[in-house]
Amino acid sequence: MKSSKNLENSLYKSSNSQLVLTRKDNGFFEIEKTQKINDIKEISESIYQYFTLAKPKDAKVVEGQQKVERDDLADEFKNIVSVEATNTTKKNVLFTSGVFNIKEGRHLEKTDKNKILIHEDFAKKNNLKLNDKVKLEFLGPVENNQNKDYEFEIVGIFSGKKQEMYTGLSSDFSENMVFLDYESSQLALNNKTRLINKLSLFSDNPENMKKAFDEIKALDINWSEYNLEKDTKVFEETLDSLSAIGHIINIMTISIMIAGVVVLSLILMLWLRERIYEIGILLSIGFNKKKIVGQFIFELILISIPSILGSLLVGNFISSKIVGSFLASDSSVSIPESLAKNSEFINSFITFIESYGILLAIIIISVIISSIMILVKKPKEILSKIS
């Protein structure tokens, strides 16, 4: 289907315009070591991500069914949240993929200081709302072992459930994840040099990203310690889901066509019996059988016009609900919101034409099947049935 191909192309372009730089041991590294990357003109935006743990003060984490039970946890590792510090969440894959969605407030921005996003269930449990303050004690690594409390203002509340990895900590749950502005996290950790675990690099188009990839690889960086990859995970997972949905839709389309031909043929057989006198008269005045069958097809096409116009109005709504239910059953991936809105007028019109073509095929096949009694008999035999 053309609309499916357009969606795949959009996914391909979005996934190939992002590169990710990480350490092979998944550890953190200094931003200063990547400064030369920012000088590459093909890079339009750089996003920092730093992952750590923190203990909320005067707040309780959301409890859930833990698949890993641990009896060896020290007190400092109880009641903890996972922290992702970043300079913006607008292009964070958890939000762009639709796994998380902002319910209240806004995303973190590059100019934010001492700001935080929290999950709606965490907010509900602790009676927190926008503009309230959350105090966190970071578990490290903290320079000079100064684990001091730091206060953040809530600017956004999000919802959703990510794929969770269980380690026996409360921070495993999506509800106990928070997002902080990057600069404040480094101040809270008292880091002399700014650290990150992941550097995401964006470009305006896949062609520029390919050039940027080659230029970054040519920089004086110890590539035995670092990975530079195209971030295609969301693309591949979403494409798998689209392929599965496409297969289901194809089966449904074929089933509907077969059922439509059978039902419409039976109805037309009864309909033609009632019109045997009309057929006889048309034959007697010189109409040939092909013209009569063509007239029946034309009549059915006229009848189909009001219904197809109605389907054009409500089709997008119904199809989005059906596809949404398929996607909801697959918790591994969600189609990004920008891609979910891909059913623009042109794509919708193409789908409409394809659907109407299927309907015309059903009408023509059904009329031919039900008109066999006319096509195989001579006009004299048909006229004799009138008397």
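Rules used in this analysis
Residues numbered from 1 in each chain as written. Predicted model: local features only at pLDDT ≥ 70, side-chain atom pairs only at ≥ 80, totals over all residues. Heavy atoms only, no water. Helix = DSSP H or I, 4+ residues; strand = E, 2+ residues; numbered from the N terminus. Buried < 20%, exposed > 50% of the residue type's maximum accessible area, 1.4 Å probe, protein only. Contact = heavy atoms within 4.5 Å. Areas by Shrake-Rupley, 256 points an atom, 1.4 Å probe, with all protein chains shown as cover. Core = buried A, V, L, I, M, F, W, Y, C linked by side-chain atoms within 4.5 Å. Salt bridge = Lys/Arg side-chain N within 4 Å of Asp/Glu carboxyl O. Expected span 1.5 Å × (residues − 1). Arc of directions from axis to C-beta. pLDDT = per-residue confidence, 0-100. Pairing = 2+ DSSP bridges.

A. Molecular detail of the overall build of the chain. Regarding its fold elements, the chain presents 12 helices and 12 strands. Per-residue burial over the chain gives 41% buried out of 387 residues. Restricting the contact set of the chain to residue pairs at least 6 apart, pairs at least 24 apart contribute 80%. In the structure as shown, the chain presents an accessible area of about 21700 Å², 57% of it carried by carbon and sulfur atoms.

B. Main features of the nonpolar core. Formed by 44 residues in total, the largest nonpolar core has its most connected members in I116, I118, L136, F138 and I216. The element best represented in this core is strand β8 (residues 149-160), accounting for 4 residues. Those residues in contact with I118, other than ones at most four positions away along the chain, are A123, L128, I154, G156, I157, F158, M177 and V178. Counting residues in hydrophobic clusters, the runner-up holds 12 residues, among them L283, F296, L300 and V367.

C. Fine view of the pattern of salt bridges. As enumerated under the stated definition, the model contains 11 salt bridges in all. Notably, a salt bridge pairs D25 with R23, separated by 3.0 Å at the nearest N-O pair. Its salt-bridge partner being E175, residue K161 comes within 2.9 Å of it at the nearest N-O pair. Here K161, found in the loop between β8 and β9 (177-181), pairs with E175, found in the loop between β8 and β9; they are 14 residues apart in sequence, far enough to count as distant. Classification of K161 by relative accessible area gives partly exposed; the value is 43%. Judged by relative accessible area, E175 falls into the buried class, the value being 11%. Three or more residues joined by partner-sharing salt bridges are found here, namely R23, D25 and E225.

D. Quick peek at helix α5 (residues 206-217). For α5, spanning 12 residues, the distance from its first C-alpha to its last is 16 Å, which sits close to the expected 16 Å at 1.5 Å a residue. Along α5, the residues classified as buried are M209, A212 and I216. Looking straight down α5, one finds that the buried residues subtend no more than 60 degrees of arc, so they occupy a single side. Facing away from the buried side of α5 by over 90 degrees, the exposed positions are E207 and K210. Looking at the buried side of α5, the elements it contacts are β1 (18-23), β11 (198-202) and β12 (226-230).

E. Looking closely at the environment of S366. Inspection of the secondary structure assignment puts S366 in helix α10 (residues 345-370). Residues S366 and S265 lie 101 residues apart in sequence; the distance between their C-alpha atoms is 4.7 Å. Contacts of S366, omitting those with residues within four sequence positions, involve G260, V261, L264, S265 and L268.

F. Here's a closer look at the confidence of the model for the chain. Averaged over the chain, the pLDDT score is 78; the fraction of residues at 70 or greater is 74%. When the elements of the chain are averaged for pLDDT, helix α9 (residues 337-340) gives the smallest value, 46, and strand β6 (residues 115-119) the largest, 96. Contacts from residues 10-16, a stretch scored under 50 in pLDDT, to residues over four places away or in other chains number 15 contacts. Of the regions scoring below 50 in pLDDT, residues 329-343 engages in 30 contacts with residues more than four places distant in sequence or in other chains.

G. Quick look at the pairing of β9. Within β9, 5 of the 5 residues are buried, which leaves the element mostly enclosed by the surrounding structure. The two faces of β9 match: M177, F179 and D181 on one face and V178 and L180 on the other face are all buried. Two elements, strand β4 (residues 81-86) and β9, share 5 bridges in a ladder whose sense is parallel. Bridged to S82 within β9 is M177. Both β6 and β9 contribute to a ladder of 2 bridges, which runs antiparallel. Bridge pairing links I116 to L180 in β9.

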